Amino acid sequence: MSSALKKVLVPIANGTEPMEAVIIVDVLRRAGAEVTVASVEKDLRADASWGLKLIADTLIADCTQTTFDLISLPGGMPGASTLKDCEILENMVKKHADEGRIYAAVCAAPVVMLGPWGLLKGLKATCHPSVMDKLSLFATAVESRVQHDGQAITSRGPGTTMEFSLALVEKLFGKEKAKEVDGPMVRRNQAFGVF
Ligand SMILES: *[C@@H]1O[C@H](CO)[C@@H](O)[C@H](O)[C@H]1NC(C)=O
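No experiment lies behind these values; they were computed from the predicted model shown. (Residues numbered from 1 in each chain as written. Predicted model: local features only at pLDDT ≥ 70, side-chain atom pairs only at ≥ 80, totals over all residues. Heavy atoms only, no water.)

1. A word on the overall build of the protein chain
Link 1 in the chain: The helix and strand tally for the protein chain stands at seven helices and eleven strands.
Link 2 in the chain: Over its C-alpha atoms, taken along the principal directions, the protein chain stretches across nearly 45 × 35 × 35 Å.
Link 3 in the chain: For the protein chain, the residues scored as buried account for 51% of the 195 residues in total.
Link 4 in the chain: In the protein chain, once contacts between residues fewer than 6 apart in sequence are set aside, the share between residues at least 24 apart is 66%.
Link 5 in the chain: Carbon and sulfur atoms provide 52% of the accessible area of the protein chain, an area that totals close to 9,500 Å².
Link 6 in the chain: Between the mean site of the 22 positive side-chain charges and the mean site of the 23 negative ones, the protein chain shows a separation of 4 Å. (Helix = DSSP H or I, 4+ residues; strand = E, 2+ residues; numbered from the N terminus. Buried < 20%, exposed > 50% of the residue type's maximum accessible area, 1.4 Å probe, protein only. Contact = heavy atoms within 4.5 Å. Areas by Shrake-Rupley, 256 points an atom, 1.4 Å probe, with all protein chains shown as cover. Lys, Arg positive; Asp, Glu negative; His and termini not counted. Charge placed at Lys NZ, Arg CZ, Asp CG, Glu CD.)

Given below as structure tokens:
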């Protein structure tokens, strides 16, 4: 697997789930990916869920000439539907998919974006438990925490986003890099007696 520079696009909007956006960006940057956070709002600032304010690197309109190795879509509402309504993004993701590259979505994003865009056809996919019934309109709905089928990698919510992001690292850089990134994050449940 090539270890050349990998470019990743993570679009954000008002109402994006900040944990999902931030974990994807953080984990992929730990792996050495060049991640571009692009706002589909008028400004770089997106008011994410739970009062979190995110500042993007650029506006989506300034990304159309770039070829990304991966486009990864965060969930959260209404962020996912705002992303879905962004025609520039829709055209970019469809072209990216046509060209055989990997696309990924978590939480509501598989159902709200990838499904309606026709990018889950004939594929196994997962999404947030609250919208699983809708997912079966577009895909073979499965309850995996992370599902990889064809060019699509999907996942379920904030709590699965770290393993989802590591799956993206593995896809782009290989298993060794994913292990190297995973270790220092101390991800596994250490049984603190919380539950
Ligand atoms: C998104 O949030 C920004 C910052 O609060 C605000 O200026 C903008 O109007 C919001 N966009 C929409 C479409 O509501």
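2. A short note on the pairing of strand S2 (residues 34–39)
Link 1 in the chain: Of all the six residues making up S2, five are buried; the element is thus mostly covered by neighbouring parts of the structure.
Link 2 in the chain: Of the pairings in the sheet, the one linking strand S1 (residues 7–12) to S2 comprises six bridges and is parallel in character. Counted as the bridge partner of Leu9 is Thr36 from S2.
Link 3 in the chain: Note that the unit made of S1, helix H1 (residues 18–30) and S2 has a crossover that is right-handed.
Link 4 in the chain: The pairing of S2 with strand S5 (residues 58–59) spans two bridges and is classified as parallel. Bridging across to S5, Ala38 finds its partner in Thr58. (Pairing = 2+ DSSP bridges. Right-handed = clockwise from strand over helix to strand, strands pointing away.)

3. Looking at the environment of Ala21
Link 1 in the chain: Here Ala21 lies in helix H1.
Link 2 in the chain: The class of Ala21 is buried, set by a relative accessible area of 3%.
Link 3 in the chain: What Ala21 contacts, discounting residues up to four positions off in sequence, is Ile12, Thr16, Leu54 and Pro74.

4. Here's the deal with the site of the ligand
Link 1 in the chain: What surrounds the ligand is the set Asn14, Glu41, Arg45 and Asp47.
Link 2 in the chain: A distance of 2.4 Å separates an oxygen atom of the ligand from a polar atom in the side chain of Asn14.
Link 3 in the chain: One of the side-chain nitrogen or oxygen atoms of Asp47 is found 2.6 Å away from an oxygen atom of the ligand.
Link 4 in the chain: About the coverage of the ligand: the protein hides 42% of its 360 Å² of free accessible area.
Link 5 in the chain: Of the residues belonging to the shell around the ligand, the class tally is no nonpolar, one polar and three charged. (Near = heavy atom within 4 Å. Polar contact = N/O pair within 3.5 Å; in protein donor to acceptor, adjacent residues only side chain to side chain. Nonpolar A, V, L, I, M, F, W, Y, C, P; charged D, E, K, R; others polar.)

From the geometry alone we can't say anything about function, so treat these as descriptive.
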